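So the chains spell out like this:
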Amino acid sequence: MARAIPVGCTHPRPYTIAIDSANARGFQSHAGMKLSVYFQSKPFFSKRKNGVSRAMSAVSTPLSVNANRGTASLGEITKPDFPILKQEVNGSKLVYLDNAATSQKPQFVIDAVREYYEAYNSNVHRGIHFLSARATDEYELARKKVADFINAAGSREIVFTRNATEAINLVAYSWGLTNLKAGDEIILSIAEHHSVIVPWQIVAQKTGAVLKYVNLNEEEVPDLEQLKQLLCKKTKLVAVHHVSNTLGCILPIQEIVHWTQKYGARVLVDACQSVPHMSVDVQQLGVDFLVASSHKMCGPTGIGFLYGKSELLTSMPPFLGGGEMIADVFLDHSTYAEPPSRFEAGTPAIGEAIGLGKAIDYLLGIGMQRIHEYELELANYLYQSLSSVSNVRIYGPAPNTTSGRAALCSFTVENVHPTDIATFLDQQFAPDITVLSHFTITWEQMQVVEQVSIFTIQKMRWMLSLKGLKILSVSLLHFSEPIIGLCSSYFRIMSFFCFFKFKFVFKLR
């Protein structure tokens, strides 16, 4: 029998952590925590045979471009490409475990963004001089790279956004507010990211549409039989993940699209955890909308994209108003540009888009299938190793189930608080760990004050003492009250306290 899990909370108190594939083999010994582990492979780059852009000429190639070192793992081969991994933290070599939150950037991508600002920084689509023309060419080339990467029918089906969250909101406010009315139904699963759930809650409140949720089955994956039962003539949209960012389950999107199309409904897919890790073909999947983020695929932050079928984008009104999204402006009305310009008001994130294009070059240099196969190898090893540890409870489907499992593993260790282990690892082994509980935790799950261990408080005393501070008293405040007196420089490590609020009174020693 599946556990009752609150909406948007696939399991209690998870970490979402990504492990550098080069360090994966040694991780199983540090199993005393609750976390989601996502292997973000960092493939080497090989130059494209054709279509090398002008901006590429001055950009350095990855250090590992010629490093095919016998039996070395993909992680070992590509690690030199990432300059951030060369540093030491707390006297130990940096081990980055947070790729599920954001991936690190190879030198190739960093150089491309820097070259834009150093060599041809200019606005796009509004100048005829050399710099503007070059910037426009590179910006639109990045759009084409995205379209080719996911096999869209053309570049006009790709809209650049700030991130996947904005892309979902674009669909919600533009398509949703235009097409939904009272009584219409939107189907989601309880395993969705809040970026998928919240926009449709807002639209439902504005339009009177009804949200329907698919629960988890015994394998702890969205119950597809329940999904089929929920589909009806009232269904107007199904919004689901391709790969769950907490359970690791892979949904059969092509089948879901087939079932949904029988009722004339649309399908929106959150592909943030699939596009960087496997081949994704939107035409084969048949989806109406698909979103993803650059920063999870070795690209810059601040840029993501929306894929939408051309006929749908053409029928949708603008999301934001301003420059570039208009055709003509009159005193009493305006006419709008064709997509994708219609949805890209104002000056876009030009350097970031170019960086995204270079990140795609980097990933394609090795091949998405090879990345996927390597990650599955690591995931199976991790799953088997964790399964052999006593008092460890793994969430989501097993790798050999029919539903499939991505390179992600969420687990808990009985009677061990995750914050204690994360703090210990950060100080002793220097892995960079971030608690991403802001989209997976509910207050009801955090009411047990005993979950705050003495070890956690003692660890805080020790860390503050390094800066010459001494804690005089600690008191528990009620939920949602701001933290008082906690040094912001330690907030990353003590991110647990964003739910249980503590007041720290301290002074210089």
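Placed above this text is the structure.
First things first, this report covers the structure right here in the doc. Remember, it's a predicted structure, so these values are computed and weren't measured experimentally.

Here we come to the nonpolar core. One finds Ile 150, Phe 160, Ile 253, Val 275, Val 287, Leu 290 and Phe 305 to be the most contacted residues of the largest nonpolar core, which totals 54 residues. Those residues in contact with Val 275 that sit more than four places away from it in its chain are Phe 149, Ile 150, Val 280, Leu 290, Ala 292, Met 297 and Met 368. Counting residues in each nonpolar core, the second largest holds 28 residues, with Ala 164, Ala 172, Ala 209 and Leu 237 among its members.

To continue, consider unusual backbone geometry. The amide bond that connects Pro 339 to the next residue, Pro 340, takes the cis arrangement and shows omega of 5 degrees. Relative to the helices and strands, Pro 340 resides in the loop between β14 (334-336) and α10 (350-364). Positioned with a positive phi, Glu 220 is a non-glycine residue whose angle comes to about 60 degrees. If you trace the backbone, Glu 220 turns up in the loop between β8 (210-214) and α6 (224-230). You will see that Glu 324, though not glycine, has its phi angle at about 75 degrees, which is positive. You can see Glu 324 is positioned in the loop between α9 (310-315) and β13 (326-329). A relative accessible area of 25% places Glu 324 in the partly exposed class.

Glancing now at the packing of aromatic side chains. One pass over the full model with this rule turns up seven aromatic pairs. For the ring pair Tyr 116 and Tyr 117, a centre distance of 4.7 Å and an interplane angle of 70 degrees mean the geometry is edge-to-face. On the accessibility criterion, Tyr 117 (46% relative accessible area) is partly exposed. Between the aromatic rings of Tyr 116 and Tyr 120, the centroid separation amounts to 5.3 Å while the plane-to-plane angle is 80 degrees, which identifies the pairing as edge-to-face. We classify Tyr 120 as buried; its relative accessible area is 0%. These aromatic residues form a ring-pair network of at least three members: Tyr 116, Tyr 117 and Tyr 120. Against the face of Trp 259 rests Lys 228, its NZ or CZ located 4.8 Å from the ring centre. In this structure, Arg 393 is placed above the aromatic ring of Tyr 395, and the distance from its NZ or CZ to the ring centre is 4.2 Å.

Quick look at helix α5 (residues 194-207) now. Look at α5: 20 Å from first C-alpha to last across 14 residues, which is about the 20 Å you get at 1.5 Å a residue. For α5, the set of buried residues is Ser 195, Val 196, Ile 197, Pro 199, Trp 200, Val 203, Ala 204 and Thr 207. Structurally, α5 contributes buried residues whose contacts are with α4 (164-179), β7 (185-189), β8, β9 (235-241) and β10 (266-270). Directly beyond the C-terminal end of α5, a positive phi value near 85 degrees is found at Gly 208.

So, on to the pairing of strand β16 (residues 408-413). Burial of β16 is extensive: six of the six residues sit out of reach of the surface. Bridging between strand β15 (residues 392-395) and β16 involves four bridges; their strand directions are antiparallel. Looking at the pairing, Arg 393 lines up with Thr 412 of β16.

There is about 250 Å³ of room inside the second largest pocket. Lining the second largest pocket are 17 residues, and of these Phe 160, Thr 161, Arg 162, Glu 166 and Ala 345 lie nearest its centre. Among the elements of the structure, β6 (158-161) and α4 are those that each provide at least two residues to the lining of the second largest pocket. The residue inventory of the lining of the second largest pocket, partitioned by class, reads ten nonpolar, four polar and three charged.

The rules behind each value
Residues numbered from 1 in each chain as written. Predicted model: local features only at pLDDT ≥ 70, side-chain atom pairs only at ≥ 80, totals over all residues. Heavy atoms only, no water. Core = buried A, V, L, I, M, F, W, Y, C linked by side-chain atoms within 4.5 Å. Buried < 20%, exposed > 50% of the residue type's maximum accessible area, 1.4 Å probe, protein only. Contact = heavy atoms within 4.5 Å. Helix = DSSP H or I, 4+ residues; strand = E, 2+ residues; numbered from the N terminus. Phe/Tyr/Trp six-rings, centres within 6.5 Å; stacked < 30°, edge-to-face > 60°. Lys NZ or Arg CZ within 6 Å of the ring centre and 35° of its normal. Expected span 1.5 Å × (residues − 1). Pairing = 2+ DSSP bridges. 1 Å grid on protein atoms, 1.4 Å probe; cavity = no way out; pocket = protein on both sides within 12 Å on 5 of 7 lines; lining within 4 Å. Points joined across faces, edges and corners; volume = space filled by probe spheres on them. Nonpolar A, V, L, I, M, F, W, Y, C, P; charged D, E, K, R; others polar.

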